[in-house]
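Breakdown of the fold
What follows is the residue order along each chain.
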Amino acid sequence: MYNLDLLGQDVSQGEITRDFDFSALSRWPEPEADNLQGSDATDELLLDTADILSALTRSNGQDELRIVTLNDGFGALSLPLQQFARVNSLNWTITVWNDSLSREQAISNNANHLGLPSPVAAQLKLQEVVSGAVVILIQAPRSLSELRQLIEATALAASADVLVLVGGRQKYLTLSINDVLGEYFNEVRAGRARSKSRVIAATGKRPLPENYVSAFPVRSEPKTLAAIPLKLAGYGATFGGTNIDPGTRFFLETLKLTFGDSAEFPDSIVDLGCGNGTISSFFPLQFPKFSGRMLATDSSRDAVAATQETAILNNVADRVVAVRDDAMSTFPDKSEELILLNPPFHVGNTVDPNIALKLFKASARVLKNNGELWCVWNSHLNYKHDLNRIVGPTTEIARNRKFTVTRSLKRA
Ligand SMILES: C[S@@+](CC[C@H](N)C(=O)[O-])C[C@H]1O[C@@H](n2cnc3c(N)ncnc32)[C@H](O)[C@@H]1O
């Protein structure tokens, strides 16, 4: 169906990328910085490769085409396609599915600025989004597990003759990506590198057994955290999978020692950036005097789903409310008394302090006067000054070789 031998040639720039202004893509509401762009050379290579293999630019107005872009950071895959389809009156449906809410918001904002409809999927389930797709473009996610989840859903629901293209910066691509694709597709071929990026193509879906059971969520055997046995669940993009993050381990051991068994707690406690839900399930299990609810929140779809699943596994589902939200944007000002946070310090593959600062600012907004932000961070990041400045007086509660735990009091 597709001639993957074409990948043996250099891929030149095609019409879709030539006519699109990639510099117009903003990362907002994600933090913006000079070293962070809204697109990279991989986006252009993916689009140009898709055009060569499936002759996108030779489509005519009658051809109905369902194209899906996955992990499309800021719309650099979907929006050039949309613009091309609009200018040429093509009957294409382009849909984006992204784990991160802030990235989906960035794509909708960018679409709006370009006068295009938002391509962000209304459906919540990945399989519904890829259902019937004939071309799927994927910016290789950071983890293999996330890629596996995307490819598995594609194998389960996309069109029988789907073409899947996975692209990435060469230094991050490994042969394991080909292995995952090879589990679900008969033909897998890597293209030539261009501007330090490469694309791997897969076609020929392998039939899956009728009783095929999805590999997700992954559930772990009980792990012990401060003497509490904890079961954890993880989806493909959940931070840490089903592991207890070492910083979180130190954080919760410190909170256990500091609060003791008789501590009093407010009616709700926010688990900001909840990941796999370790903190949200641990709290009700560890502190019998806490009778309120954990408000777990994360911008990652797979974090929210994992937190819910983790709470079910630990029989505390009635105590944990998990919400997908960007930096608590839906929480009212001065509404909470206690926020727990293990902030991320990576954006994709780049170390970026701005995301932690964004969560500190959000905490300062959401905390009541004298409310508390408890935080764990890699000591070398030295956030104490930022916490003092953004939230209020910050005290170091504990420190080990790697991590520091602080308490910040919201300045009135
Ligand atoms: C270092 S992980 C901590 C996860 C979990 N609390 C734990 O302790 O294992 C940070 C989490 O922050 C989330 N995050 C990143 N940006 C966010 C944002 N803008 N709003 C909410 N959560 C965010 C990430 O998805 C990730 O799950």
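Residues numbered from 1 in each chain as written. Predicted model: local features only at pLDDT ≥ 70, side-chain atom pairs only at ≥ 80, totals over all residues. Heavy atoms only, no water.

All right, on to the side chain of Ser-268 then. With respect to the helices and strands, Ser-268 occurs in strand 11 (residues 268-272). A polar atom in the side chain of Ser-268 sits 2.6 Å from the side chain of Glu-336. Setting aside residues no more than four positions away along its own chain, Ser-268 makes contact with Arg-293, Leu-295 and Glu-336. (Helix = DSSP H or I, 4+ residues; strand = E, 2+ residues; numbered from the N terminus. Polar contact = N/O pair within 3.5 Å; in protein donor to acceptor, adjacent residues only side chain to side chain. Contact = heavy atoms within 4.5 Å.)

Let us now look at helix 10 (residues 301-313). Between its terminal C-alpha atoms helix 10 stretches 19 Å, which fits the 18 Å expected from 13 residues at 1.5 Å a residue. Taken together, the buried positions of helix 10 are occupied by Arg-301, Asp-302, Ala-303, Val-304, Ala-306, Thr-307, Glu-309, Thr-310 and Ala-311. Two to three positions downstream of the cap, the backbone nitrogen of Asp-302 sits 3.3 Å from a side-chain oxygen, assigning the N-cap of helix 10 to Ser-300. Asn-315 sits one or two positions beyond helix 10 and adopts a positive phi of about 60°. (Expected span 1.5 Å × (residues − 1). Buried < 20%, exposed > 50% of the residue type's maximum accessible area, 1.4 Å probe, protein only.)

Domains assigned within the protein chain are domain 1 (4-205) and domain 2 (218-409). Summarising the inter-unit geometry, the C-alpha centres of domain 1 and domain 2 are found 33 Å apart. Between domain 1 and domain 2 we count two salt bridges in total. The partner of Glu-104 in a salt bridge is Arg-301, and the shortest N-O contact between them spans 2.6 Å. Our count for the domain 1 to domain 2 interface comes out at 15 residue pairs in polar contact (both at pLDDT 80 or more). Among the elements that line the side of domain 1 that touches domain 2, the one with the most residues is helix 4 (residues 101-113), at five residues. Here the side of domain 1 that touches domain 2 is composed, by residue class, of eight nonpolar, nine polar and seven charged. (Domains from an automatic or database assignment. Salt bridge = Lys/Arg side-chain N within 4 Å of Asp/Glu carboxyl O. Nonpolar A, V, L, I, M, F, W, Y, C, P; charged D, E, K, R; others polar.)

The next thing to look at is the site of the ligand. Inspection of the region around the ligand gives 17 residues, with Thr-248, Gly-273, Asp-298, Asp-326 and Ala-327 positioned closest. In the model, a nitrogen atom of the ligand is placed 2.9 Å from a nitrogen or oxygen of the Ala-327 main chain. Considered on its own, the ligand offers 600 Å² of accessible surface; in the complex 92% of this is hidden by protein. Its residues assigned to classes, the shell around the ligand shows seven nonpolar, six polar and four charged. (Near = heavy atom within 4 Å. Areas by Shrake-Rupley, 256 points an atom, 1.4 Å probe, with all protein chains shown as cover.)

Okay, the packing of aromatic side chains next. In the structure shown here, the tally under the stated rule is 12 aromatic pairs. Summarising the aromatic geometry, the rings of Phe-283 and Phe-290 are spaced 6.2 Å apart at their centres and angled 80° between planes, so their arrangement reads as edge-to-face. Here Phe-283 falls in the buried class, since its relative accessible area comes to 0%. Owing to a relative accessible area of 2%, Phe-290 belongs among the buried residues under this scheme. Among the aromatic residues, ring-to-ring pairing joins Phe-259, Phe-265, Phe-283, Phe-287, Phe-290 and Trp-374 into one connected group. (Phe/Tyr/Trp six-rings, centres within 6.5 Å; stacked < 30°, edge-to-face > 60°.)

This part takes up the sheet that holds strand 4 (residues 163-169). Reading across the sheet, the six strands line up as 2-1-3-4-6-5 and stay open at both edges, with mixed pairing between neighbours. Pairing within the sheet leaves two strands with one partner each, and these edge strands are strand 2 (91-97) and strand 5 (185-190). On average, adjacent strands in this sheet sit at an angle of 15° to one another, irrespective of strand direction. Sheet topology note: the strand 4/strand 6 (residues 197-205) ladder contains six bridges and is antiparallel. The residue of strand 6 that forms the bridge with Val-164 is Ala-202. The strands that helix 3 (residues 78-87) touches are strand 1 (64-70), strand 2 and strand 3 (135-139); relative to strand 2, the one it contacts most, it runs at about 165°. (Pairing = 2+ DSSP bridges. Axes fitted to C-alpha atoms, helices over the stretch in contact; angles between N-to-C directions.)

This paragraph deals with the pattern of salt bridges. Across all of its chains, the model carries 17 salt bridges by this definition. Across the salt bridge formed by Glu-104 and Arg-324, the nearest N and O atoms sit 3.3 Å from each other. Residue Glu-104 is located in helix 4, and its partner Arg-324 is located in strand 13 (residues 320-324); the two are separated by 220 residues in the primary sequence. For Glu-104, a relative accessible area of 6% corresponds to the buried category. Connected through shared salt-bridge partners, Asp-5, Glu-187 and Arg-189 make up one network.

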